[in-house]
Amino acid sequence: MYLQKFRLYETQSNFYMVGRDKSRTVWRVLKVNRQEPHDLIIVEDPATYSEPECCDVLRRIHEGNRSTGGLKFVTACYGIVGFVKFLGPYYMLLITKRQKIGSICGYIVYSVAKSEMIPVPNSSVRSRMQLSKNENRYKKLLCSVDLTKDFFFSYSYHIMHSLQKNICDIEAGQFIYETMFVWNEFLTREIRGQLKSTGCAWTVPLVYGFFKQVKLSILEQNFVFTLVARRSRHYAGTRYLKRGVNEKGRVANDVETEQIVYEDAPNGRPVQVSSVVQNRGSIPLFWSQETSKLKVKPDIILWRKDLNYEATKLHFENLVRRYGNPIIILNLIKTREKKPRESILRAEFANAIEFINRDLSKENRLRFLHWDLSKYSRTKGTSVLVLLSRVASYALNLTGIFHCKMVKTSWPDTSVNGCDSERKDGILSHGNCEIEEDNNDKVAATGNYWKPESFQNGILRTNCIDCLDRTNVAQYAYGLVALGQQLHALGLVDSAGVDLDAALADDLMKVFETMGDTLAFQYGGSAAHNKIFSERRGQWKAATQSQEFLRTLQRYYSNAYMDSEKQDAINVFLGHFQPQEGRPALWELDSDQHCFVGCRIPYFTDENSRSMLKRSLSDGNIMPENNESIPAMNIKQELSEGKPSPDGGGDDNNKAMSESTPDILTCESELSSSRYTQSMSRRQLFPDPLQEQSLEINNFRASEHGESLDFSNFLDVEWLSSSGNSCDEEAYERSTLINTAIAMSSNSAPNGLKLESTAGSSETGSGLKIVSKSFSQC
């Protein structure tokens, strides 16, 4: 049963929430005590009413409270977001207006169009704390999380899960709130804890990220394409305040991207459907960047020793648990720089993967692909998208895609109370009332409605530094190759491929570009730098220069001046920080990026027993799971041939891998702690070129004749090409903003820097906007 429409009433002593299902056949009543100034007391009437019976109940409540003003109507709403308490009373958060943004196989998905926060206690029992300065500031912080931007939900479809998980492994009841993608999990804890299993009928799980559905066509056949990006609530935050990994293996900017494809059926319920999932997330090491009002590009710091890479291990164990094996890592950061920044993480990330792989069997090893995308994007001649498509084909050949068919053609009756209804623009009209077309049943228990034909096992994990700009280009290339395979599986095309020059590829690029802009606003404060997309469309370079400069300026301003308050809002919304009277306020604590010790620890939840922790904390443990067996692959051979190698490797495999990693510094089991020192010079991090070359040659010789690289699955894909189009997300950050502004005003680029960019802009803004008053499987 899904309650979809609600009406809130109040008396002097209680709130009464009346909820009904879409067909108006089931009516329930919820009572919230208003006489308790500090605690939240919620009671659900166990009875199920008809509409006349419910009206009679409300009439009797009104008569019984006539002496104190009776029963008054407050507002209509579409679900409870949750309850929250700061220093004073509890507040109830409601969705008061919604908007349909799409559907998945007939199950409607909504965005939040309007929300409201209502204090629970009546005015006579509210404490003076409600009017305190700190209380109002916490309320302002919570309200700055704009639920009307990039939050979405569904009553009858578990939008927080991938299609494959929904069909093959349905989780009912309260468990849907425990996933990493439900952002109001903390806000719903009280009501779910008091009402147990029925609490989910009154609340709606909100997913934060991106949802876009479009109708596309190929060979005169129409299909529906849906792109969903789900941002993790664990270790969530803004660009410079959330970097790397935390102790539980949760990474910053962890986003699950799913693309769903099905035929454009007249009733929205297709005969077959396919989905593919990919992932982006910060480099899983303990690293940070200081927010700076003077530096556009703050230094990258490896700030903590993790000799056994325990947090990195936990992260990849979690990926295996969610998606299975293999885990393919596409690392797009720079290899060599005049001043080491990204290259510091590049070397350490390679060390971590090799170290972890030593303890894994060959079939379960992490497959590490590194390609310095920025290096090739500065040289014209070869399309970066073509090369990324080859990587995508390699990954998809390993993981496969999810595809299933419907085996039962009789769907639940869409008529109301057994009567025929008239459909008008997706609305079922019956009598004088309108009822939304929806399906109350679950998304198919396996064998009842859907029969899986193929599964996705494993995932491609892509990252650059911010997991925004370069990462989004790589995800588009992967999505295009995946789309070809999906269309082929559905029988819409004869061959599993979509040409980069096809109109369909351009349509898909627009969707991915919009997603990239949306996620960039959420994490970085500006739209994404989409230079490759701009060049691919042949846009005039000069027309986009000022726009890209403004994006860099906007991102810099947001990171330097707004992200601190934005991070505080996220901490409060997610419950990572819970205020306590007599304790320091959230804005009085240290920088969110750094650890601190001592008296401030107790004000954080879940992990407050540790001696060192961050201001924004991730809850939820990561449990490792046994990996599924996948034959070991020769990655270099697979990419060059465009398909997996049939054999398991051997000496030739090790040799091929070692020859393809000329700039990965291997590590021994005991790692030097000097590389973590924040004040290290370049000479401490990297030896001089001759010495470095000598060390690398020795390593490769050892790997050919010994066991040095036998525990790893490395590939540097630079051998694919030596040129490409530009996709450097920090092209405009190579000098200070002042110098860049001077250069722009004089119509010349500093140091010969080409100001090239895309003209595309985001269709949606950040859902975490600061305002004065929105498979469970970079």
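Cut-off values and rules
- Residues numbered from 1 in each chain as written.
- Predicted model: local features only at pLDDT ≥ 70, side-chain atom pairs only at ≥ 80, totals over all residues.
- Heavy atoms only, no water.
- UniProt positions renumbered as here; feature names shortened; annotations may be inferred.
- Helix = DSSP H or I, 4+ residues; strand = E, 2+ residues; numbered from the N terminus.
- Areas by Shrake-Rupley, 256 points an atom, 1.4 Å probe, with all protein chains shown as cover.
- Buried < 20%, exposed > 50% of the residue type's maximum accessible area, 1.4 Å probe, protein only.
- Arc of directions from axis to C-beta.
- Expected span 1.5 Å × (residues − 1).
- Phe/Tyr/Trp six-rings, centres within 6.5 Å; stacked < 30°, edge-to-face > 60°.
- Lys NZ or Arg CZ within 6 Å of the ring centre and 35° of its normal.
- Disulfide = S-S within 2.5 Å.
- pLDDT = per-residue confidence, 0-100.
- Contact = heavy atoms within 4.5 Å.
- Pairing = 2+ DSSP bridges.
- Axes fitted to C-alpha atoms, helices over the stretch in contact; angles between N-to-C directions.
- Salt bridge = Lys/Arg side-chain N within 4 Å of Asp/Glu carboxyl O.

Identification of the chain as SAC domain-containing protein from Kalanchoe fedtschenkoi is taken from an unreviewed UniProt entry. Quoted straight from UniProt, the Subcellular location (unreviewed entry) entry for the chain says "Vacuole membrane". The annotation that UniProt attaches to the chain under Subunit (unreviewed entry) is "Component of the PI(3,5)P2 regulatory complex at least composed of ATG18, SAC/FIG4, FAB1 and VAC14."

**Looking at the overall build of the chain**
Broken down by element type, the chain carries 18 helices and 24 strands. Total accessible area computed for the chain in this model is approximately 29700 Å², and 48% of it derives from carbon and sulfur atoms.

**Considerations on helix H2 (residues 133-143)**
Count 3.6 residues to each turn of an α-helix, and residues three or four apart come out pointing the same way. Those residues of H2 not exposed but buried are Glu 135, Tyr 138, Leu 141 and Leu 142. Buried residues of H2 fall within an arc of 120° about the axis and therefore sit on the same side.

**Description of helix H7 (residues 342-357)**
With 16 residues, H7 extends 23 Å between its outermost C-alpha atoms, agreeing within 8% with the 22 Å of an ideal straight helix rising 1.5 Å per residue. The element H7 is extensively covered by neighbouring structure, given that 16 of its 16 residues are classed as buried.

**Remarks on the packing of aromatic side chains**
The final tally for this structure, using the stated rule, is 21 aromatic pairs. Chaining the aromatic ring pairs together yields one cluster made of Phe 86, Tyr 91, Tyr 138, Phe 577 and Trp 587. A cation over a ring is seen here: Arg 137 above Trp 587, with NZ or CZ 4.2 Å from the ring centre. A cation sits over an aromatic face here: Arg 304 above Phe 286, 4.7 Å from the ring centre.

**Quick look at the state of the cysteines**
For the structure on display, the rule yields zero disulfides. Free cysteine Cys 168: the closest other cysteine sulfur is in Cys 404, separated by 7.4 Å.

**Here's the deal with the confidence of the model for the chain**
On average, residues of the chain score 74 in pLDDT, and 66% of them reach the 70 mark or higher. Taken as a whole, residues 409-448 scores under 50 in pLDDT and shows 91 contacts with residues more than four places along the chain or in a different chain.

**Looking at the sheet that holds strand S3 (residues 27-33)**
The strands that make up a sheet are held in pairs by hydrogen bonds between backbone atoms, and each pair lies either parallel or antiparallel. Strand order in the open sheet formed by five strands is S4-S3-S2-S1-S5, with antiparallel pairing between adjacent strands. Pairing within the sheet leaves two strands with one partner each, and these edge strands are strand S4 (42-44) and strand S5 (72-77). Averaged over all pairs of adjacent strands, the angle between strand axes in this sheet comes to 20°, irrespective of strand direction. Pairing between S3 and S4: three bridges, direction antiparallel. Note that in S4 the partner of Lys 31 across the bridge is Val 43.

**Some remarks on the pattern of salt bridges**
Scanning all chains against the criterion turns up 23 salt bridges. When salt bridges that share partners are traced, they join Glu 178, Glu 185, Arg 189, Arg 192 and Arg 233 into one network.

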